[in-house]
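# Summary of structural features
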Amino acid sequence: EGLLCRLSGTGTAFMSLLRCHFDFVLPVKVDASGVCRLPTAHEGDTQDLESFFGRSVLGCSLNEFLAGPYEQQRFAGYVQNASRQQSLVKELIRSDLEGQR
């Protein structure tokens, strides 16, 4: 959990909040095509998730675990929105830093 906090920039209080609401807390990456993927090595709760599904989940797309096309499309929209928001935040930080020079 400590490594997950350092990599994601979250604090232990935030991780505790996530853990009280979700069964699994996992680091994910969005690939160039906008697909949200689980890590390729065991991080976070990947081993627990593998036990739950009874199969390896390393490197899998989260879409593989959704109920159907509607849920997959809905999740893809969420990932696109989150990526857009992250880009906006990075741009705001960059412009703020340039303005301070």
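Source: prediction; values computed, not measured. (Residues numbered from 1 in each chain as written. Predicted model: local features only at pLDDT ≥ 70, side-chain atom pairs only at ≥ 80, totals over all residues. Heavy atoms only, no water.)

### Here we look at a nonpolar patch on the surface
- Together, Val-89, Ile-93 and Leu-97 line one region of the surface with nonpolar side chains, adding up to about 260 Å² of accessible area.
- Position of Val-89 among the secondary structure elements: in helix 4 (residues 69-99). (Patch = residues over 30% accessible without salt bridge, like charges linked within 9 Å, V, L, I, M, F, W, Y side chains within 5 Å. Areas by Shrake-Rupley, 256 points an atom, 1.4 Å probe, with all protein chains shown as cover. Salt bridge = Lys/Arg side-chain N within 4 Å of Asp/Glu carboxyl O. Helix = DSSP H or I, 4+ residues; strand = E, 2+ residues; numbered from the N terminus.)

### A closer look at the confidence of the model for the protein
- Residue-level pLDDT values for the protein average 82, and 85% of them are 70 or greater.
- Across residues 1-7 the pLDDT falls below 50, and counting only partners more than four positions away or on other chains, this stretch makes 12 contacts in the model. (pLDDT = per-residue confidence, 0-100. Contact = heavy atoms within 4.5 Å.)

### Section: the packing of aromatic side chains
- Counting across every chain of the model gives four aromatic pairs.
- Taken together, the ring pairs connect Phe-24, Phe-52, Phe-53 and Phe-65 into an aromatic cluster. (Phe/Tyr/Trp six-rings, centres within 6.5 Å; stacked < 30°, edge-to-face > 60°.)

### Examining helix 3 (residues 46-53)
- Buried residues of helix 3: Thr-46, Leu-49 and Glu-50, and no others. All buried residues of helix 3 lie within an arc of 100 degrees about the axis, which places them on one face of the element. For helix 3, the exposed residues lying more than 90 degrees away from the buried face are Gln-47, Ser-51 and Phe-52.
- Gly-54 occupies a position one or two residues after helix 3 and carries a positive phi of about 75 degrees. (Buried < 20%, exposed > 50% of the residue type's maximum accessible area, 1.4 Å probe, protein only. Arc of directions from axis to C-beta.)

### A few points about the pattern of salt bridges
- For the coordinates displayed, the defined rule picks out three salt bridges.
- A salt bridge links Arg-55 to Glu-64, with the nearest nitrogen and oxygen atoms 3.2 Å apart.
- Since its relative accessible area comes to 45%, Glu-64 is described here as partly exposed.
- As a salt-bridge pair, Glu-71 and Arg-74 come within 3.3 Å of each other at their nearest N and O atoms. In this pair, Glu-71 and Arg-74 both sit in helix 4, three residues apart, roughly one turn of the helix.
- On the basis of relative accessibility, which here comes to 27%, the residue Glu-71 falls in the partly exposed class.
- Classification of Arg-74 by relative accessible area gives exposed; the value is 52%.

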